[in-house]
Amino acid sequence: MKEFLKKIKLIENLTTEIEIQKNDFVSKFKQNVDEESTGLFSSFFEAFSSSINEYKGQVGYDGFKIKRKRKFIDTNMNIAVASGTYRQNSEKLIIETEINGFSKKMIPFYLFILIFYSILIGNFLKTDSIGRGVGFPSPFMVIHAAFMFYLPYLMMRRSTKRMRHELEREFYYMTKK
């Protein structure tokens, strides 16, 4: 499954090298991340948080798992989760990050629309009461089904790209502060 998600670009790997000591980086990183869960149901009231930090998650000496916090009246879907490790190589810190844009919340959605459109298209292909077959589903229904499958994928992929860009920028600016 992970390889399939990498092929469709919902999981990306990011390796960043910065000139900073691991202890300094971890302490700065902890200051920029609120210590909260990144789980499935952890985002109900985060838009009302008074913290100025942009990210929430867990940051430790061995690794991290973070997610961008939602803001009040924010149209962007921040569903990508970044997890990674860091290791010191002389004067450089190497941060290896995996950004996962696929949310487990989407599995029931995709199952539902798959069943729904299968039943709908199956009913179109059945014969009617007179005995004549319709022959094909309406073009509107096929286009609608394509949008219902493709738009959530685009949102998840965009979230992955955005998280990658923001983390590259954030890691660089953390060393300059």
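Above this text sits the structure in question.
A short tour of the structure in this document, coming up. (Residues numbered from 1 in each chain as written. Predicted model: local features only at pLDDT ≥ 70, side-chain atom pairs only at ≥ 80, totals over all residues. Heavy atoms only, no water.)

1. Let's talk about unusual backbone geometry
Even without being a glycine, Lys-9 presents a positive backbone phi close to 65 degrees. Looking at the secondary structure, you find Lys-9 in the loop between helix 1 (2–7) and strand 1 (11–18). (Helix = DSSP H or I, 4+ residues; strand = E, 2+ residues; numbered from the N terminus.)

2. Concerning the nonpolar core
Across soluble globular proteins, you tend to see nonpolar side chains buried next to one another. Core analysis: the biggest nonpolar cluster contains 21 residues, and Phe-25, Phe-29, Ile-66, Tyr-86 and Leu-167 have the highest contact counts within it. Put simply, the parts of the chain that give this core at least two residues each are strand 1, helix 2 (22–31), strand 3 (55–59), strand 4 (63–68), strand 5 (81–89), strand 6 (92–100) and helix 4 (139–176). Element by element, the count of residues in this core is highest for helix 4, at 4 residues. Counting 13 residues, the second largest nonpolar core, distinct from the first, contains Leu-10, Met-106, Tyr-153 and Met-156. (Core = buried A, V, L, I, M, F, W, Y, C linked by side-chain atoms within 4.5 Å. Buried < 20%, exposed > 50% of the residue type's maximum accessible area, 1.4 Å probe, protein only.)

3. Observations regarding the packing of aromatic side chains
One pass over the structure, following the stated rule, counts 13 aromatic pairs. Plain terms: the ring middles of Phe-25 and Phe-171 are 5.7 Å apart, the flat faces sit at 65 degrees to each other, and that makes the pair edge-to-face. Placement of the pair is Phe-25 in helix 2 and Phe-171 in helix 4, with a sequence separation of 146 residues. In this structure Phe-171 comes out as buried when scored by relative accessible area, which is 0%. The interplanar angle of 20 degrees and the centroid separation of 5.8 Å between the aromatic rings of Phe-64 and Tyr-86 together place this pair among those described as stacked. (Phe/Tyr/Trp six-rings, centres within 6.5 Å; stacked < 30°, edge-to-face > 60°.)

4. Let's talk about the sheet that holds strand 6
With mixed pairing, the 6 strands of this open sheet are ordered in space as 1-6-5-4-3-2. The sheet is open, and its two borders are formed by strand 1 and strand 2 (33–35), each paired with just one other strand. Taken pair by pair, the neighbouring strands of this sheet meet at an average axis angle of 30 degrees, ignoring direction. Sheet topology places strand 2 next to strand 3; 3 bridges connect them, and they run parallel. Within strand 3, the residue paired with Glu-35 across the bridge is Gly-57. This element, helix 2, spans strand 1, strand 2, strand 3, strand 4, strand 5 and strand 6 of the sheet and lies at about 155 degrees to strand 5. The strands that helix 4 touches are strand 1, strand 3, strand 4, strand 5 and strand 6; relative to strand 1, the one it contacts most, it runs at about 10 degrees. (Pairing = 2+ DSSP bridges. Axes fitted to C-alpha atoms, helices over the stretch in contact; angles between N-to-C directions. Contact = heavy atoms within 4.5 Å.)

5. Concerning the pairing of strand 6
Sheet topology note: the strand 1/strand 6 ladder contains 8 bridges and is antiparallel. Directly across from Leu-14, in strand 6, lies its bridge partner Thr-97. Alignment of strand 5 against strand 6, held across 9 bridges, turns out to be antiparallel. Bridged to Ser-83 within strand 6 is Glu-98. Counted along the chain from strand 5 to the antiparallel partner strand 6, the turn is 2 residues long, and its residue Ser-90 has a positive phi close to 55 degrees.

6. Digging into helix 3 (residues 106–125)
Over its 20 residues, helix 3 extends 28 Å from the first C-alpha to the last, a length consistent with the 28 Å expected when each residue adds 1.5 Å. Of the surrounding secondary structure, the elements contacted by the buried residues of helix 3 are helix 4. (Expected span 1.5 Å × (residues − 1).)

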